[in-house]
Amino acid sequence: MKPGIIFRLITFVTTITLLAALIGWTAHTSWRRTGDLQEQLSAKQWKSFLIADHLQQTILSLNNLMLRHTAYRDTADWTNFYAASKELGLWINEQQPLLSSEKERPYLERISAAYQDYLIAAAALHTKIYATRQSITRGVEF
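Below: a short report on this structure. (Residues numbered from 1 in each chain as written. Predicted model: local features only at pLDDT ≥ 70, side-chain atom pairs only at ≥ 80, totals over all residues. Heavy atoms only, no water.)

Within the protein chain, the regular secondary structure consists of three helices and zero strands. Counted from the first residue to the last, the protein chain has its helices and strands arranged as α-α-α. In terms of C-alpha radius of gyration, the protein chain reaches 32 Å, well past the compact-globule figure of 14 Å for 142 residues. When burial is assessed residue by residue, the protein chain has 16% of its 142 residues classed as buried. For the protein chain, long-range pairs separated by at least 24 residues make up 66% of all intrachain contacts whose partners lie at least 6 apart in sequence. For the protein chain, the separation between the mean place of its 15 positive charges and that of its 12 negative charges on side chains is 11 Å. (Helix = DSSP H or I, 4+ residues; strand = E, 2+ residues; numbered from the N terminus. Rg over C-alpha atoms; globule rule 2.2 N^0.38 Å. Buried < 20%, exposed > 50% of the residue type's maximum accessible area, 1.4 Å probe, protein only. Contact = heavy atoms within 4.5 Å. Lys, Arg positive; Asp, Glu negative; His and termini not counted. Charge placed at Lys NZ, Arg CZ, Asp CG, Glu CD.)

A few words now on helix H2 (residues 75-95). Owing to its 3.6 residues per turn, the α-helix aligns residues three or four sequence positions apart on the same side. With 21 residues, H2 ought to run about 30 Å at 1.5 Å a step, and its terminal C-alpha atoms sit 30 Å apart, in line with that. When H2 is considered as a whole, its buried residues turn out to be Asp77, Trp78, Phe81, Ser85, Leu88, Gly89, Trp91, Ile92 and Gln95. End-on view of H2: buried residues confined to an arc of 165°, all on one side of the axis. Residues Glu87, Leu90, Asn93 and Glu94 are exposed on H2 and point more than 90 degrees away from its buried face. Where H2 begins, one side-chain oxygen reaches toward the backbone nitrogen of alanine 76, 3.2 Å away; that side chain belongs to aspartate 74. (Expected span 1.5 Å × (residues − 1). Arc of directions from axis to C-beta. Polar contact = N/O pair within 3.5 Å; in protein donor to acceptor, adjacent residues only side chain to side chain.)

With that settled, the discussion passes to the nonpolar core. Ranked by size, the top nonpolar core spans 14 residues in total, and within it Phe81, Leu88, Trp91 and Ile92 carry the most contacts. Where this core is concerned, the elements lending two or more residues are helix H1 (3-72), H2 and helix H3 (104-141). Contacts of tryptophan 91, omitting those with residues within four sequence positions, involve Ile51, His54 and Leu55. (Core = buried A, V, L, I, M, F, W, Y, C linked by side-chain atoms within 4.5 Å.)

One way to put it is that H1 packs onto H2 with a least axis distance of 9 Å and a crossing angle of 160°. Regarding the angle of H1 to H2, the classification is roughly antiparallel. The crossing of H1 and H2 is left-handed. Each of Ile51, His54, Leu55, Thr58, Ile59, Leu62, Leu65, Met66, Arg68 and His69 in H1 lies in contact with H2, whose residues at this interface are Asp77, Trp78, Asn80, Phe81, Ala84, Ser85, Leu88, Trp91, Ile92 and Gln95. A breakdown of the residues in the contact of H1 with H2 according to their chemical character gives twelve nonpolar, six polar and two charged. (Axes fitted to C-alpha atoms, helices over the stretch in contact; angles between N-to-C directions. Parallel < 35°, antiparallel > 145°, perpendicular 65-115°, else oblique. Left-handed = near helix turned anticlockwise from the far one by under 90°. Nonpolar A, V, L, I, M, F, W, Y, C, P; charged D, E, K, R; others polar.)

A volume near 150 Å³ is recorded for the largest pocket. Ser48, Ile51, Ala52, Leu55, Leu99, Glu104, Tyr107, Leu108 and Ile111 together form the lining of the largest pocket. Of all the secondary-structure elements, those providing two or more residues to the lining of the largest pocket are H1 and H3. Split by residue class, the lining of the largest pocket holds seven nonpolar, one polar and one charged. (1 Å grid on protein atoms, 1.4 Å probe; cavity = no way out; pocket = protein on both sides within 12 Å on 5 of 7 lines; lining within 4 Å. Points joined across faces, edges and corners; volume = space filled by probe spheres on them.)

Before going further, it helps to spend a moment on the environment of tryptophan 91. Among the secondary structure elements, tryptophan 91 is positioned in helix H2. Separated by 40 residues in the primary sequence, tryptophan 91 and isoleucine 51 have C-alpha atoms spaced 9.6 Å apart.

This is the structure in structure tokens:
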């Protein structure tokens, strides 16, 4: 064989080998980065799920306390409701910087506004219960 053809053949095989190695390295790197991104996304989704779960459980607990307070007119239930509602308010404020998605922040703001309305309604109900209790007590005294 002529030396020029051998040189071209060696260059061709070397180029093909380097390109195959480059493609393999790129595929491996892409695969690894995709796995890392998937883990990060899963962690963020999990954090959002935990926020929603905690919020739902706490609101259900507050509803139960308010129902008990309304039914039995026990001041301990109101005290527990008040303390738990303060805790939840602080917790909601703590979640604001933890949310990573700009899409989630407006929802937390809406939740916070709705929660303030909830607290106002609970306080109004408590005031009405207290006023009713006072009028019943006064009626018994006469």
